[in-house]
Structure formats: C-alpha cells, structure tokens
Amino acid sequence: MSNFKIKSMKTASVFTGRCKMYRILLALALLLILQNLKIVGAVWRYGFIVEDERLVSINKVVILSHSNEQGGPVIAGWSVPPGCTVQGDPTKVPLLTCASEGYHRVAPLFKEEGYQEEERYIYVSKSYFTFAWYAVIPFNGFLEGGRKILRMWLIDPEQAEFSEIVKGSNYPSQHSYYLSINFHNLGQFPIVTLPDSTQKIYGHFTGYGYWEAIIEWNQPYVTVDISGQLISFQHRFVLDSLHSFYWEPYETFAFTSMPVPIKLAQGLMPVLNQDPCTPHRAVFLTQLAMTLTIDSFKDPRMVYVVPHGYISVPPWGFLEVSDAILLDDGIIFLMYDMLLWRSHRDKVLQIRPEIFFTGVRGMVQRTTCLADHPSQEGVDYGKVLVWTDDTVYIGGSRFTSPHSDGKYFKRLARSRMGGSFRTVAFGSDPNKIAILIMDSYYMVYLYMFNLKTLEFTPKHLLSKIAPDQILRGHIRMRFYESSKESFLMWNETMMWYSFRDDSISGTLSLPGFRDLSTAAGRSWIHEVVIDQNWNLLVKMSNNVVFFCKYGVTKLVRLARWILPSSPASLYSNANKLSFVVSHQDRPVKAYYYPLHLETLSAMFGGDYSCAYVTFKHNMKKYYYLDKGQENAFWAQLVYFEWKGVTIQVLRSNKALLDFDLSRDFELVHQVFTMNMTIKATQKKDFTSEPNYDLEMSLSQGIVRVEVMPNLIGNKCELPRNRVSYFSVGCPPNRHLRVTKYDGDTFVRTVHSNFVVWEINGRTDFSYNTTMYQAGCLRDAQTWDSILKTTRYPVEQAWGPGIYKSCFVLDDATLGDMNRPYEIMNRSFSNSLTFSKEDSAHYIFTARIVDPNYSFCDLRATFAVQTFGISKPKYEYLILYVTLSFTFICLSILGYAYFKYVQIFRDLQEKKKHS
C-alpha cells in the first residue's frame, strides 16, 4: 500500500457549498433563458429504414420527424431545395427523397410566426451500395457444444418486410428470397468474422433463399462482421455490416417481498454506465426510473430491489441513488456516501462487508475493455475506482471474486496531512490511474499512480490553468486510449486537454466563445463520450452536443437531437452505432443518432477540411514478442501534394522494442500515396549481462503503439483500431515439444543451445562430440562444473542466467579439450550415445540455455528406450553339449559301422567254409 504526503486541509465544506450555489445560479439562469426563447421548444430529427447512414444515397428514403414540448409550435411543412421532395403528412412521418448528390438544406416550417428551428444540411451520396445483409440465429439454431447456426440473406431496405426491418424474421420475404437467389447465381456468398479473430467462416447456400454458417461461440452475446464479394446486381452492391446477437436471459426472479424501484437522486443529471467489454449491457438512471438493458436498449427493463437489513423504504415508495455501476454478477449503488450491493441472482439490496465503508465521494468504471489485455504479474487492472476524501480503492468485474482478504475493493493509495482527493480516473496506460488532489489552500494537483510500482508521478497540465477556473463545480477526467497519457478534464463550464504526456495542452472550446457553458446557452457540461470511431462528444445539460475528432482542439456545435427538457444520455452499441437514450417517454427509448451525417451538416460552409484522403493500416490489437521475434505491419496514407502530412509512429516504453520504419512513395496526378512498413523486434543481447535476472525483468513489459497521421481535422476518418499493445516477454502457453508451440500452434523449430539431464539420475550414456571437435576456444560448461559451483538442484542449476559460450575467447583456462561437449543444438552434430550391450529406459528433460532465445523457461521431457545386442547366458555350454552330442553320435556310427563290417566278414567266412 502506498501513502502519499501532501499539504494539510481543514475541510472541504466551503468548496462544496460554492459548487452547489454555482449550480443553482446556473439552473436559474437557464430557466429564465428558456422562458424567453421560442426556438428551444421543439426539435426535429431524421432516420432511415435500416439504422445505417451509409445507405443514404440518391432517391433513397429519409424519414423526418418532429417533436415539441407542451404548448410548442405546430409544424406546417418542410423547406427543402429543388430536386428533393417530401411525401406524406408533414405533422406525422413525412418521407424525404433527393434526386441529386450533395448537401441539401432541410428545415421545418411552422404555422405560428416567430418560431424557427435549426436547419440541417443532409448529405446524400451517389453510393452504389444499396443492399444490406440480414442475419439471424433461428430458434432451432442453437446446437450442442456452443455451436450456433447463423442464417443470412440479402435485403433491399425499401422493399423489405416489417419483420425484416425490426430483425424479427427467421426466413426471407419473397422479394429478399429472389434477391438472394440472383446474387447467389452471380457468385455472391457471405464471409463471417468473429470478434478479435482472423478466421473466416464461409456461408453455404441452402436453396431456400438464404445462406447458413456454423459459428462456435460460448458467450451469451456475439458481434460478427459479415462481408460479401464485390458483385453487383443491377449496378448495385452489398454493404458489409456488423450484426449483434444476445441470448442472455433477463432477470426472472420471483420477489419474496414487495419490490422497490430505484431512481436517481433529485438535482442530478441522467447517468448512463455501460460495460466497456459488453457494450450491449448498460444501466440508465433518471429521476423517473432506473433501467437495465442487456440488448442495447431494444427491450430495457426497470430495476427493482428488495431492501434488506438497515435499508428502509421512504414514504414515497422508492429509493434514490446518485450512481450505479454494472458488474458481471450485480450492480453497485452509491447512496448518499455509502455503497450498496444488489445481486442479479436474488435482487436484494444490502450493505455487504466486502464494500462497507462510508464517506464515498464518487465512483467510476474503466472505459476501455481489457478482457484480452496481456496480464502482468502483481498488477490488478480492475474495473471500478471508488474514492473518499483520503483513500482510493479498486475493484474487479465480479463482486463474487474478492481479493485474498475477502474484500471486493483493494486499497490503492492514501493521502496524508489532510489532503483531499477530488476525483480519479483510469489512465491511458492500463497500469495507471489519475488522482486529482486539493490542499487546504484550494490548490489542485494532478498525479498519476502506477499500479505496478505503487509510485506517484506529477502531471503538469494544472500549472497552466488558473485555480479559480478549475474550482467551478465538480471536476471530472476521461483518458483516451493512447500510446502516451492523453486526457480531458472538465468542470461544469470549461474543458481542458492534454495530449502525449503534456506535450500538447490547452483549452477545448468552440470558436468565438470563452467557455462551453456560454456556447450552450448558459448550460453546464453533463457528460463526455469518446466512441469507438474516436469521436469526442460533449453533451450539455440542455442536450446541446459538441463534437471533435481525437487530437483536434476546436469543437463543432451539432444540431439539437432531443428536447432540452428531456433526460437523455449518449450511448454507443456493439455495432459501433451512436444513440441518444431518453426517458422523456415511457419506456426508455434509444434514438439512432447518425453522427457522421450530423457532423457533416454542422461543418457545412465552414473552414473544415482533412489533410489526407484516406489512412489505413493492418495493425492488430495485441501482439506477443519473444526474444528474437519480429512482427511486421503496414500503414498507408493517401494525400494531396504539399499538404505536409506524414505517418507518425508513437510508442511508450521505447527501450523495450526496436522499430524499423521504411517508406515508399507513389505520385499520380498530384496525389501522393505513402506506404510505410513497420517492423518491431526485440534485439537486446543478454549474453554478457552480469545480472541476467534483473535485465530479464527490466526488458519485459507492454509497449503501446499508435500509428496515425500528424495532421488530423474534424472531417478526417481514423481507423477504429488505433492503438496496439505489444507484450514483450514470455507469450502465454509457450512450451517445447522438441519444436516450439504456443498452445497447439507451431511457432518455430528450436535451433538454439539446450542441455539435457536424466531425471532418475542415470549416467550410463555419453556424448559423441568432444570440446575440441565442437571447436571450443575455452573450457565448455559441463554438468560437473555447474553442480560444483551452485547450491541449486539439477532442475534449476543450469539455465540461461549462467550460460557461457565456449566459442568466445576470454581469460578462462584451456583445460582438457578431449572431454565430452555436453551442450546440444539441432544444427550441430552432438548427440547422445548409449550402451550397445544392454537395453534400458531413460527419461530426459531438455532445457533451453541460450540467453537470447526466449523470455520463457522452455523445457521438455522425453523418454528413450534402448535395445542392446544381448548374448545368451549359456552360450558356450550349448556349444559344448552340441559338440559332445555330435562326437557321441559319430562314435556310435563308427562303432556300428566297424561292427557291421566285422559281422559281414564273419558271415562271409562261414559261408566259404560251408
């Protein structure tokens, strides 16, 4: 645990009182303005048949809508330019179509004089991508082993049936059936890509007007990327798209007592917190109710609890909270200054000892997903930060997975001398958190706390800001995912930025206004959202939204999308689409927000441009680099001549990796194409390091790499995957099988030096090469020399840390070079030899000892069975017996022969005498 000493502070009550008074004055000023302005009583917006603004093209339908507050103006019609027509009742759901490409001014007309609303310049493209993929997992599509059937077909949004538009159909409509068959006959087929995977799953056509593919996915949700072939039908193409599916059941618990609803405390702005790894899961709090969604607000449900213990229900029948964070297994609530827990399983709201402490000033959750982030020993990345006046705590994604002491929260840092923590946030580096501290003199300091080293590092942004500008209401921070620490900090009226470790900093503002409150009609900053396309959205309390791209310091005011009085928040779903979630009407509704078209409309006629035409790269999110490995990727930038734009490669922990950058250029009609190849390698030589273990520790870590153009404007497009993480160290699951594997994936054949030993202590084997034959210039290490100089057992005695090559000439003595050379290598002739006389069974362990080969301790165990040329035990006895038997047989035969001859002669003599 780290303690941090700062200046003492008597109390923060004066500061808190000033904040409340300032907010009350702002609210009164806003009320007076709203009473005297007529233009804020109504808003209009537009939508599409399918929620994808890329399908907006010539002669395609744009759905207009208008809403106003009670007593607001009555719409009479729509003002559109020549070439555009509006069909239908202007007060209901009129349809806009435009026959030409370009920006088209659209605005409502009112019956009452004096009313006006913001005009929009809707951009209509000449795109030939007018068909879309429809995808569904049918009711019978859930197979064993987590496999699922994904059914796909093609639709024309303007010809599709309603069930296809609302994604409730399991079979194609008649029009979609024939459209899919025609495309199939032309060679079209879908390619499905799962999240964070390069594996391609190809759909097969069934003959029923749709394709099917089998996906293996065990999670209760999945977002797939469906792409097709560049094939046209009637000169029109199919648009690639993302599709999300959820089969996580909603809470169906039967309450044992009267459930109580949860609402947001009075005087607070709406709160929307979503899980960064599962963006379809979120909670939304307003003064009307608290809602929970597990399907991106398609069917949100109200949250109820069963109070337990000391938690009593007020007479008005509901409980008020000031914040809520959604975990995997429940919800943490902030009520007054204490934390409460509600499990998804029993819905009981209770005070739990795992989170029991008071004086809580606030809580935040991590805004980037670290589910697949490389882990580091001793580092708890966490998901939730909670702070009091003098302590910061961190908690994980599951309440039921506490720390070793049984607590959900782990104490990170504590101030001394009376210092007060004002706010905290997770940093750009997953290892760091930011802590804002105020002393007794109302001086504010910003520090970065390292979760690994437990050290504080000061940030210098606040030294450039006057203290009276900072202390205007509650201060909050939000960090970008970046190679260097880059963040935003704001109070109720102003916002500041700091990019690349304070190298670029200043005030984020709208040109012509001194602060955002003035630019939004004396409103205050409600929430700041950074979506998955690197768009920054600043939403004000009166639902005015400002926009800019990452790295841009000038904001753009967008047209209002929701009524000023409507409690609303911004939301981005798993398909990378933006929505405005509102609780003006029951139930909670998510309005699709065509952010790209809205930004183009807001920037129309202004001095906005992009220094390049396109920028793209093929970087993956995560890389693992071992010693001697190399990863290469490319980036491409297309830009006009004399723009001064180039590709920059930014990275953290520069000492861990070497980067080799190569560029080539191509110029065609004053348009430059820059192609950059980036190679990342680990080249450090560990052979002569005196402290091998220390250097190994210092040479491992995570490098954040950011590839981007040096000039970015609000009209520029940035790749979604802008930051990659290079984990330098031992890759997960790396091991030896004589050749090297990651899990079951072959990596490369081992050509490095290794040693072997017999685990049962057998020594009846030898090496066929001597030190002299190996070409050694000095004594080579042997097991005898190693074991004499170490206290470790044989399993740990000889490793990369003490390996010394005999091919490097030094002051070592030159001994008997005819001794065996006991270091082996696949590319060398050295090998083990065994007795030719006897059969035996050996179990060996091989260990890599080359210090420059891997960060892993690579070992492999293998067995050897030998079969010798054995001789019979009574080999000579058998020979003697055989010879003796042969001699006896021959003697008997000789005797019989001579006996027979004698008998024959006697018979002849008797016959002669007779």
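1. Side note on the overall build of the protein chain
From N to C terminus, the protein chain includes eleven helices and 63 strands. Compactness check: the protein chain gives a C-alpha radius of gyration of 39 Å against a globular reference of 29 Å for 914 residues, more than 25% above the reference. With respect to the principal axes defined by its C-alpha atoms, the protein chain has extents near 175 × 75 × 75 Å. Of all 914 residues assigned to the protein chain, the portion counted as buried reaches 50%. Working note: accessible area of the protein chain is about 45,000 Å², and carbon and sulfur atoms make up 54% of it. Computing the positive centroid from 94 side-chain charges and the negative centroid from 85, the protein chain places the two 2 Å apart.

2. Examining the sheet that holds strand β54 (residues 701-709)
Pairing within the open sheet is mixed, and its four strands lie in the order β49-β55-β54-β51. Here the strands that pair on one side only, and so sit at the sheet edges, are β49 (622-625) and β51 (647-651). Here the average twist between neighbouring strands, direction ignored, is 25°. Note: β54 against strand β55 (residues 723-728), six bridges, orientation antiparallel. Each residue of the ladder has a partner; that of Val 703, found in β55, is Phe 726.

3. Some points on the pattern of salt bridges
Summed over all chains, the structure comprises 26 salt bridges. Close ionic contact of Asp 515 with Arg 514 constitutes a salt bridge, the shortest N to O distance being 3.0 Å. Asp 779 is paired through a salt bridge with Arg 819; the nearest N and O atoms lie 3.3 Å apart. Residue Asp 779 is found in the loop between α8 (771-774) and α9 (783-788), and its partner Arg 819 is found in the loop between α10 (794-797) and β61 (832-834); the two are separated by 40 residues along the sequence. Classification of Arg 819 by relative accessible area gives partly exposed; the value is 30%. If you follow the salt bridges from partner to partner, you end up with Asp 275, Arg 281 and Lys 383 in one network.

4. Topic: a nonpolar patch on the surface
On the surface, a cluster of nonpolar side chains totalling about 330 Å² of accessible area is made up of Leu 879, Tyr 880 and Leu 883. Tracing the backbone through its elements, the reader meets Leu 883 in helix α11 (residues 875-913). On the accessibility criterion, Leu 883 (52% relative accessible area) is exposed.

5. Details of the sheet that holds strand β12 (residues 200-202)
What links the strands of a sheet is backbone hydrogen bonding, and the strands pair in either a parallel or an antiparallel sense. Strands sit in the order β12-β11-β15-β17 across an open sheet of four strands; the sheet is antiparallel. Two strands lie at the open edges of the sheet, namely β12 and β17 (241-246), each paired on one side alone. Strand-to-strand twist in this sheet, taken as the mean axis angle between neighbours without regard to direction, amounts to 30°.

6. Comments concerning the nonpolar core
The biggest cluster of nonpolar side chains holds 59 residues, and the ones touching the most others in it are Phe 546 and Val 707. In terms of residue count, the dominant contributor to this core is strand β53 (residues 671-681) (five residues). Contact partners of Val 707, with chain neighbours within four places excluded, come to Phe 615, His 617, Met 619, Phe 633, Ala 635, Ile 647, Gln 648, Val 649, Ile 678 and Arg 722. Grouped together as the second largest cluster of nonpolar side chains are 41 residues, Tyr 46, Leu 537, Val 545 and Tyr 592 included.

7. Thoughts on empty space enclosed by the protein
In this approach the atoms are scanned with a rolling probe the size of a water molecule, which exposes any empty space left behind. Evaluated as defined, the whole model comprises six cavities of 30 Å³ or more. Considered as a void within the structure, the largest cavity measures approximately 130 Å³ in volume. Around the largest cavity sit Phe 48, Ile 49, Val 50, Asp 52, Leu 55, Val 56, Lys 60, Val 61, Thr 130, Asp 156, Pro 157 and Glu 158, which together line it. Residues of the lining of the largest cavity, tallied by class, amount to seven nonpolar, one polar and four charged. Its boundaries defined by the atoms lining it, the second largest cavity holds a volume of some 60 Å³.

8. A few points about the pairing of β53
Both strand β50 (residues 630-640) and β53 contribute to a ladder of eleven bridges, which runs antiparallel. Paired with Phe 640 across the strands is Val 671, a residue of β53. Joining the antiparallel neighbours strand β52 (residues 658-668) and β53 is a turn of two residues, in which His 669 adopts a positive phi near 55°.

9. Here we look at the environment of Lys 383
Note on placement: Lys 383 falls in the loop between β29 (362-365) and β30 (384-387). Residue Lys 383 is classed as buried on the basis of its relative accessible area of 7%. For Lys 383 and Pro 458, which are 75 residues apart along the polypeptide, the C-alpha to C-alpha distance reads 23 Å. Those residues within four positions of Lys 383 in sequence are excluded, and the remaining contacts are Asp 275, Pro 276, Leu 326, Leu 327, Asp 328, Val 364, Gln 365, Arg 366, Gly 395, Gly 396, Ser 397 and Phe 426. In this structure the side chain of Lys 383 is engaged in a polar contact, spanning 2.8 Å, whose partner is the side chain of Asp 275. Engagement of the side chain of Lys 383 in a polar contact is seen with the backbone oxygen of Leu 326, the distance being 3.4 Å.

10. Overview of helix α6 (residues 595-603)
Among the nine residues in α6, seven count as buried, and that is most of the element. Those residues of α6 that sit buried are Leu 595, Leu 597, Glu 598, Thr 599, Leu 600, Ser 601 and Met 603. Of the residues flanking the end of α6, it is Gly 605, one or two places downstream, whose phi is positive at about 85°.

11. Re the packing of aromatic side chains
Summed over all chains, the structure comprises 57 aromatic pairs. Taking 5.5 Å as the distance between ring centres and 35° as the angle between the ring planes, the aromatic pair formed by Phe 129 and Phe 237 counts as tilted. Separated by 108 residues along the polypeptide, Phe 129 in strand β9 (residues 129-136) and Phe 237 in strand β16 (residues 237-239) bring together distant segments of the chain. Both rings, one in Phe 633 and one in Phe 726, keep their centres 6.0 Å apart while their planes meet at 40°; by these two values the pair is tilted.

12. Here we look at the confidence of the model for the protein chain
The predicted structure's coordinates, where accompanied by low pLDDT, should not be read in detail. Averaged over every residue, the pLDDT of the protein chain is 86; residues scoring 70 or more account for 91%. When the criterion is pLDDT under 50, residues 1-40 qualifies, and its contacts beyond four places in sequence or with other chains add up to 74 contacts.

13. Describing the state of the cysteines
Structurally, a disulfide amounts to a covalent bond that connects the sulfur atoms of two cysteines. Using the criterion set out here, one finds five disulfides in the structure. Two residues, Cys 610 and Cys 716, share a disulfide whose sulfurs are 1.9 Å apart. Measuring handedness by torsion sign, the sulfur bridge of Cys 610 and Cys 716 sits at about 115° and is right-handed. Remark: Cys 716 occurs in the loop between β54 and β55 and Cys 610 occurs in the loop between α6 and β48 (614-617); sequence separation between them is 106 residues.

14. Brief notes about the layout of surface pockets
Each pocket or cavity is described by its volume, and for the second largest pocket that value is around 520 Å³. Lining the second largest pocket are 25 residues, with Asp 429, Asn 431, Lys 432, Asn 450 and Asn 653 positioned closest to its centre. Taken together, the elements giving at least two residues each to the lining of the second largest pocket come down to β35 (444-450), β36 (456-459) and β54. Looking at the lining of the second largest pocket, the element that brings in the most residues is β54, giving three residues.

15. Section: helix α3 (residues 174-185)
Compared with an ideal rise of 1.5 Å per residue, which puts twelve residues at 16 Å, α3 spans 17 Å between its outermost C-alpha atoms and is within 8% of the ideal. Restricting attention to buried positions, one finds in α3 the residues Ser 176, Leu 179, Ser 180, Ile 181 and Phe 183. Residues of α3 that are buried make contact with β9, β10 (147-155), α2 (162-165), β13 (204-205), β14 (211-216) and β16. Remark: Gly 187 follows α3 within two positions and exhibits a positive phi of approximately 105°.

16. Topic: the pairing of strand β40 (residues 504-508)
Inspection of the sheet shows strand β39 (residues 495-499) paired to β40 by five bridges, in the antiparallel sense. Among the inter-strand pairings, Phe 499 is bridged to a residue of β40, identified as Ile 504. Hairpin connection from β39 to β40: four residues lie between these consecutive antiparallel strands, with Arg 500 at a positive phi of about 55°.

17. Quick notes on unusual backbone geometry
In this structure, Arg 522 takes a positive phi of about 65° despite not being glycine. Secondary-structure assignment places Arg 522 in the loop between α5 (516-519) and β41 (525-530). Arg 522 sits in the partly exposed class, given a relative accessible area of 34%. Residues other than glycine seldom take positive phi values, yet Gln 670 does so here, at roughly 65°.

Quick notes on the rules
Residues numbered from 1 in each chain as written. Predicted model: local features only at pLDDT ≥ 70, side-chain atom pairs only at ≥ 80, totals over all residues. Heavy atoms only, no water. Helix = DSSP H or I, 4+ residues; strand = E, 2+ residues; numbered from the N terminus. Rg over C-alpha atoms; globule rule 2.2 N^0.38 Å. Buried < 20%, exposed > 50% of the residue type's maximum accessible area, 1.4 Å probe, protein only. Areas by Shrake-Rupley, 256 points an atom, 1.4 Å probe, with all protein chains shown as cover. Lys, Arg positive; Asp, Glu negative; His and termini not counted. Charge placed at Lys NZ, Arg CZ, Asp CG, Glu CD. Pairing = 2+ DSSP bridges. Axes fitted to C-alpha atoms, helices over the stretch in contact; angles between N-to-C directions. Salt bridge = Lys/Arg side-chain N within 4 Å of Asp/Glu carboxyl O. Patch = residues over 30% accessible without salt bridge, like charges linked within 9 Å, V, L, I, M, F, W, Y side chains within 5 Å. Core = buried A, V, L, I, M, F, W, Y, C linked by side-chain atoms within 4.5 Å. Contact = heavy atoms within 4.5 Å. 1 Å grid on protein atoms, 1.4 Å probe; cavity = no way out; pocket = protein on both sides within 12 Å on 5 of 7 lines; lining within 4 Å. Points joined across faces, edges and corners; volume = space filled by probe spheres on them. Nonpolar A, V, L, I, M, F, W, Y, C, P; charged D, E, K, R; others polar. Polar contact = N/O pair within 3.5 Å; in protein donor to acceptor, adjacent residues only side chain to side chain. Phe/Tyr/Trp six-rings, centres within 6.5 Å; stacked < 30°, edge-to-face > 60°. pLDDT = per-residue confidence, 0-100. Disulfide = S-S within 2.5 Å. Expected span 1.5 Å × (residues − 1).

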